[in-house]
Amino acid sequence: AAGVTAAAVGLLWARAFFFNKSLWTSSYALWTSGLAAVALAVCLELFDGPGRRRWSAPFLWLGRNAIAAFTLSTLAATVLIAVKLDGAGGKPRSVWTAIYRTAFDHFEDPRLGSLFFALSYLALWTAVFGLLYRKRIFFKI
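Bear in mind that the values here come from a model prediction, so they are computed numbers and not experimental data. (Residues numbered from 1 in each chain as written. Predicted model: local features only at pLDDT ≥ 70, side-chain atom pairs only at ≥ 80, totals over all residues. Heavy atoms only, no water.)

A. Spotlight on the pattern of salt bridges. Using the criterion set out here, one finds 2 salt bridges in the structure. In this structure, D105 engages R101 in a salt bridge whose closest nitrogen and oxygen atoms are separated by 3.2 Å. R101 sits in the partly exposed class, given a relative accessible area of 42%. Its salt-bridge partner being R111, residue D109 comes within 3.0 Å of it at the nearest N-O pair. (Salt bridge = Lys/Arg side-chain N within 4 Å of Asp/Glu carboxyl O. Buried < 20%, exposed > 50% of the residue type's maximum accessible area, 1.4 Å probe, protein only.)

Here it is, written out as structure tokens:
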């Protein structure tokens, strides 16, 4: 209720004092903090309610090693892009591109193949960090 109230007050205040993200005007700050409070309430209800732990486990796995997940997935993508293979016509192409072209570039709409590639990459890293979570391996800085 407080989040909805803050967002509403921010919208009303914006009629007198404009929204400006760069300056973080008071109307913008009220509106965004209200929306953030509402989003937090929704997340708490979705993920922390009774009986909801099972389906939200992948978020826990990735969240417990969030910095490692970001770093390792970015490093792996960088390596897959940097390593080159011989492609069609003798033209070199990255391993990343080879995987995409071989497994995901078969849809009429290329955005669909790109989406499935991204979801597959996410699933791979979720499985890796699920295994690390089960073995109680957590990276800390």
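B. Quick look at the side chain of N65. One can find N65 in the loop between helix 3 (57-64) and helix 4 (66-82). A polar contact is formed between the side chain of N65 and the backbone nitrogen of F139, at a distance of 2.7 Å. Setting aside chain neighbours within four positions, we find N65 in contact with F129, L132, I137, F138 and F139. (Helix = DSSP H or I, 4+ residues; strand = E, 2+ residues; numbered from the N terminus. Polar contact = N/O pair within 3.5 Å; in protein donor to acceptor, adjacent residues only side chain to side chain. Contact = heavy atoms within 4.5 Å.)

C. Helix 6 (residues 110-134), seen in detail. Between its terminal C-alpha atoms helix 6 stretches 36 Å, which fits the 36 Å expected from 25 residues at 1.5 Å a residue. Buried within helix 6 are the following residues: G113, F117, Y121, W125, T126, F129, G130, L132 and Y133. Residues of helix 6 that are buried in the fold lie against helix 3, helix 4 and helix 5 (95-104). Looking one or two residues beyond helix 6, the residue adopting positive phi is R136, at roughly 60°. (Expected span 1.5 Å × (residues − 1).)

D. Spatial organisation of the nonpolar core. A68, A69, A77, Y121, W125, F129 and L132 together form the largest nonpolar core, which totals 7 residues. Put simply, the parts of the chain that give this core at least two residues each are helix 4 and helix 6. A per-element tally of this core places helix 6 first, with 4 residues. What A68 contacts, discounting residues up to four positions off in sequence, is S73, F129 and F139. (Core = buried A, V, L, I, M, F, W, Y, C linked by side-chain atoms within 4.5 Å.)

E. Expanded view of the packing of aromatic side chains. According to the stated counting rule, one finds 11 aromatic pairs in the structure shown. When the ring of W125 is compared with that of F129, the centres are 6.1 Å apart and the planes differ by 35°; the resulting orientation is tilted. Of this pair, W125 and F129 both sit in helix 6, 4 residues apart, which is roughly one turn of that helix. An identical accessibility class is assigned to W125 and F129; each is buried. Through pairs of rings, three or more aromatic residues link up here, namely W96, Y100, F104, F117, Y121, W125 and F129. (Phe/Tyr/Trp six-rings, centres within 6.5 Å; stacked < 30°, edge-to-face > 60°.)

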